[in-house]
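# Report on the structure
For reference, the chains in residue letters:
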Amino acid sequence: MVSENQYLYIIAAATILAISIGLLIKFIYQKAISDKVSSISENFKTLKQLNQSTAFEEIPRKTYSASWPTKSYKSFQKIQGSDVITYHVEQNIECLRDNIEIAVRNKSKYDAYLHEVNALDKLTDDALLSQKNLSRKKFNKYEQKLIHKTIYRKPYLMRFKLMIYYESPKGRNFYKKNGTFTQDHLFMVYSA
């Protein structure tokens, strides 16, 4: 005789097995459609060729962090994060300026790359779609997914985390400002 706990265990195991099989079937079905779409999509083939011919420089360090002490509360209130970043760029501390230069070149290449990606508009023949048993709607959906997964991600992203602080001489008062600056702010400081 099967006890109630064993019965619940069997039901739970059967449910998990059924869900797993369903997910596996869905994955296989979607993979088959993706393979069909990738074999006939001219836009996808053009994007793959574009990716092979486009190379970006590697940025050795993409994230920086610095803490900046101030000598008085008044100077703490006056100082801006952009002043500290400007100092780091001008002095090329930890090769920040060199890495920003690489990121600027990568952004320029990436903008040209995206311009070419956005120009992809070849329409696949309806006869070829019917031969592969694909509707136009399903083909477009899977083609967009493939293209989205294949497009290079932004190769110029950088961050600068900054903490400006002041601690009173006796250590009773402590003030700080935190900020995170993205590549846009770093580019602006660099170009100034």
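Just above sits the structure.
A few points on the structure. Predicted model, so just to flag it, every value in this text is computed and none were measured.

Grouped together as the largest cluster of nonpolar side chains are 30 residues, with contacts concentrated most on Leu 47, Met 158 and Phe 160. When residues of this core are traced back to their parent elements, those giving at least two are α2 (42–53), β1 (63–69), α4 (81–91), α5 (96–118), β2 (159–167) and α8 (183–191). Among the elements that line this core, the one with the most residues is α5, at seven residues. By size, the runner-up hydrophobic cluster in this structure holds nine residues, among which are Ile 40, Leu 129, Phe 139 and Leu 146.

Attention now goes to the packing of aromatic side chains. This structure, assessed with the given rule, holds 15 aromatic pairs. On the numbers, 6.3 Å between centres and 40 degrees between planes, the contact of Tyr 156 with Phe 187 is tilted. Of the two residues, Tyr 156 is situated in the loop between α7 (136–150) and β2 and Phe 187 in helix α8; the sequence distance between them amounts to 31 residues. By way of ring pairs, the aromatic residues Phe 56, Tyr 110, Tyr 113, Tyr 152, Tyr 156 and Phe 187 are connected into one cluster. The ring of Tyr 142 carries the charged tip of Lys 145 above its face, separated from the ring centre by 5.1 Å. Its guanidinium or amino end placed over the ring of Phe 76, Lys 177 lies 5.0 Å from that ring's centre, counting from NZ or CZ.

The subject of this paragraph is the sheet that holds β2. Reading across the sheet, the three strands line up as β1-β2-β3 and stay open at both edges, with mixed pairing between neighbours. Every other strand in the sheet has two partners, leaving β1 and β3 (174–182) as the edge strands with one partner each. Strand after strand, the sheet turns through a mean of 15 degrees between neighbouring axes, direction not considered. Relative to β2, β1 is paired through seven bridges, and the arrangement is parallel. Residue pairing in the sheet places Tyr 64 in a bridge with Phe 160 of β2. Contacts between α4 and the sheet are confined to β1, β2 and β3, with β2 contributing the most and set at about 115 degrees to the helix. Across the sheet, α8 is in contact with β2 and β3; its angle to β3 comes to roughly 90 degrees.

What follows deals with the pairing of β2. Here β2 shows a buried face lined by Phe 160, Leu 162, Ile 164 and Tyr 166 and an unburied face lined by Arg 159, Lys 161, Met 163, Tyr 165 and Glu 167. Bridge count between β2 and β3: nine bridges; the pairing is antiparallel. By the bridge assignment, Lys 161 is partnered in β3 with Thr 180. Here β2 folds back onto β3, and the loop between the two strands holds six residues, one of which, Gly 171, carries a positive phi near 80 degrees.

Looking now at α2. With 12 residues, α2 should cover 16 Å at 1.5 Å per step; its first-to-last C-alpha distance of 17 Å lies within 8% of that length. Listed in full, the buried residues belonging to α2 are Asn 43, Phe 44, Leu 47, Leu 50 and Asn 51. What you see down the axis of α2 is that its buried residues fit within an arc of 120 degrees, all on one side. Turned more than 90 degrees away from the buried face of α2 sit Gln 49, Gln 52 and Ser 53, all of them exposed. For α2, the N-terminal capping position is held by Ser 41, with its side-chain oxygen 3.5 Å away from the main-chain nitrogen of Asn 43.

Rules used in this analysis
- Residues numbered from 1 in each chain as written.
- Predicted model: local features only at pLDDT ≥ 70, side-chain atom pairs only at ≥ 80, totals over all residues.
- Heavy atoms only, no water.
- Core = buried A, V, L, I, M, F, W, Y, C linked by side-chain atoms within 4.5 Å.
- Buried < 20%, exposed > 50% of the residue type's maximum accessible area, 1.4 Å probe, protein only.
- Helix = DSSP H or I, 4+ residues; strand = E, 2+ residues; numbered from the N terminus.
- Phe/Tyr/Trp six-rings, centres within 6.5 Å; stacked < 30°, edge-to-face > 60°.
- Lys NZ or Arg CZ within 6 Å of the ring centre and 35° of its normal.
- Pairing = 2+ DSSP bridges.
- Axes fitted to C-alpha atoms, helices over the stretch in contact; angles between N-to-C directions.
- Contact = heavy atoms within 4.5 Å.
- Expected span 1.5 Å × (residues − 1).
- Arc of directions from axis to C-beta.
- Polar contact = N/O pair within 3.5 Å; in protein donor to acceptor, adjacent residues only side chain to side chain.

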